[in-house]
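Summary of structural features
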Amino acid sequence: MTQANRLLVEQAIGNEKATIGGKRRAVRSVTVNQAESPLGWLLARGHLTRRQFDAGERLRLDYERSSLSQRVTMSWDSAPVSRSRGGDSQGPEASLVQIDARRRFDQAIGAAGPGLSDILWRIVCAGEGMRDAESALGWPARAGKLVLTLALDRVADFYRVR
């Protein structure tokens, strides 16, 4: 990947902050190449505006915070405690952060509208490429970019992205 196609961003890990060089910065951070995502790829090639990209990233963040995606690694949570021998117990309760993120995600998808939310979810949340998403929806080639930009504009309005 060439330097022109890289969107390197420093992202904080955790909430700990320290004063470094006179500025408040995260104690731990990681450099992320945002061009590796389908949205980043589209932004790097001029198919999306920065506003559309930022709206998509906000939607993806809410999707991930709400824990709507499937777990792909081992869960190291403690075993559920049950009063009965069958081990039947309620699952862990969602945190307030998860509940709030789920509410924002549902409202943002609703703001995009029923005809636009399919491509929005496939590209932004599931990380599918444009060609795969268009094929899965039965759309002609290059139709997805137009629909995605319309959906991202509506999501940007919802999140009040400038």
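Reference entry: report on the structure contained in this document. (Residues numbered from 1 in each chain as written. Predicted model: local features only at pLDDT ≥ 70, side-chain atom pairs only at ≥ 80, totals over all residues. Heavy atoms only, no water.)

1. What about the pattern of salt bridges?
Where charged atoms from two side chains of opposite charge approach closely, those side chains can pair. Convention followed: Every case where a carboxyl oxygen of Asp or Glu lies within 4 Å of a side-chain nitrogen of Lys or Arg is listed as a salt bridge. Numbering goes from the N terminus for both helices and strands, where a helix is a DSSP run of H or I of at least four residues and a strand is a run of E of at least two. Accessible area is worked out with a 1.4 Å probe on protein chains only. A residue is then buried under 20% of its type maximum, exposed over 50%, and partly exposed in between.
Taken as a whole, this structure holds ten salt bridges when the rule is applied. A salt bridge links Arg-51 to Asp-157, with the nearest nitrogen and oxygen atoms 2.5 Å apart. In this pair, Arg-51 sits in helix H2 (residues 50-65) while Asp-157 sits in helix H6 (residues 143-159), placing the two residues 106 residues apart along the sequence. A residue is classified by how much of its surface remains accessible, and Arg-51, at 25% relative accessible area, is partly exposed. One network of salt bridges, with partners in common, ties together Asp-62, Asp-100, Arg-103 and Arg-104.

2. So, the environment of Thr-31
For clarity, the cut-off: Between two residues, a contact is recorded if the distance between any of their heavy atoms is within 4.5 Å.
With respect to the element layout, Thr-31 can be found in strand S4 (residues 29-33). Note on Thr-31: relative accessible area 47%, which makes it partly exposed. Taking the C-alpha atoms as reference points, Thr-31 and Leu-8, separated by 23 residues in sequence, lie 6.3 Å from one another. In this structure, Thr-31 is in contact with Leu-8, Val-9 and Glu-10, ignoring residues within four places of it in sequence.

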